[in-house]
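Structural features, examined
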Amino acid sequence: MTADDANTWILQRTPSTFQKMIWTNYSFGIERDERVLKKDALDPRKWTNPLEVQLPNAPSMRIICVCGQGKETETSYQYAHGPHGCEESFVLCRGRASDLHRPY
């Protein structure tokens, strides 16, 4: 079952009020045109879909996630300074909890 099939299957089994809420408040498309991406930034339905609206330009933003902090897992992720060596340059690292020094 594809994501589109799953979406259709779920919506066929929900009340019409829920279906209307989904189509009124959410968008499921993909956009590549930069002019349209800028226009989509003004449409609140698009804000939940990072494939249709640009992420904000926030060079000093920090992302901190403590969910599962210190829990051993098969694969772990962390942010590390990127190859440019500047404060805003980060890469996502993946590996075992004891081996996170290699970029993803």
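With that out of the way, let us pick up the overall build of the chain. A tally of helices and strands in the chain yields three helices and two strands. Reading the secondary structure of the chain in the N-to-C direction produces α-α-α-β-β. The 104 residues of the chain split such that 17% are buried. Look at the contacts in the chain between residues 6 or more apart in sequence, and 7% of them connect residues 24 or more apart. Split by element, the accessible area of the chain, about 9,000 Å² in all, is 56% carbon and sulfur.

Both the distance between ring centres and the angle between the ring planes are used here to describe each pair of aromatic rings. Applying the stated criterion across every chain, the model contains one aromatic pair. Geometrically, the ring pair formed by Trp-23 and Phe-28 is edge-to-face, given 5.4 Å between the ring centres and 75 degrees between the ring planes.

In this structure the tally under the stated criterion is three salt bridges. Between Arg-45 and Asp-43 there is a salt bridge whose closest N-O contact spans 2.9 Å. Among the residues examined, Arg-45 registers a relative accessible area of 33% and is labelled partly exposed. Glu-52 serves as the salt-bridge partner of Lys-46, at 3.1 Å between the closest nitrogen and oxygen.

Tracing the backbone shows Asn-49 in the loop between helix 3 (34-40) and strand 1 (76-81). Within the structure, the side chain of Asn-49 is placed 2.9 Å from the backbone nitrogen of Leu-51, a separation counted as a polar contact. Among residues more than four places away in sequence, those in contact with Asn-49 are Ser-27, Phe-28 and Gly-29.

A word on the confidence of the model for the chain. When pLDDT drops low, the exact placement of atoms in the prediction is not to be read closely. For the chain, per-residue confidence averages 75 on the pLDDT scale, and residues scoring 70 or more make up 62% of the total. Low pLDDT, under 50, characterises residues 96-104; the predicted model gives this stretch 19 contacts beyond four residues in sequence or across chains.

Cut-offs used in this document
- Residues numbered from 1 in each chain as written.
- Predicted model: local features only at pLDDT ≥ 70, side-chain atom pairs only at ≥ 80, totals over all residues.
- Heavy atoms only, no water.
- Helix = DSSP H or I, 4+ residues; strand = E, 2+ residues; numbered from the N terminus.
- Buried < 20%, exposed > 50% of the residue type's maximum accessible area, 1.4 Å probe, protein only.
- Contact = heavy atoms within 4.5 Å.
- Areas by Shrake-Rupley, 256 points an atom, 1.4 Å probe, with all protein chains shown as cover.
- Phe/Tyr/Trp six-rings, centres within 6.5 Å; stacked < 30°, edge-to-face > 60°.
- Salt bridge = Lys/Arg side-chain N within 4 Å of Asp/Glu carboxyl O.
- Polar contact = N/O pair within 3.5 Å; in protein donor to acceptor, adjacent residues only side chain to side chain.
- pLDDT = per-residue confidence, 0-100.

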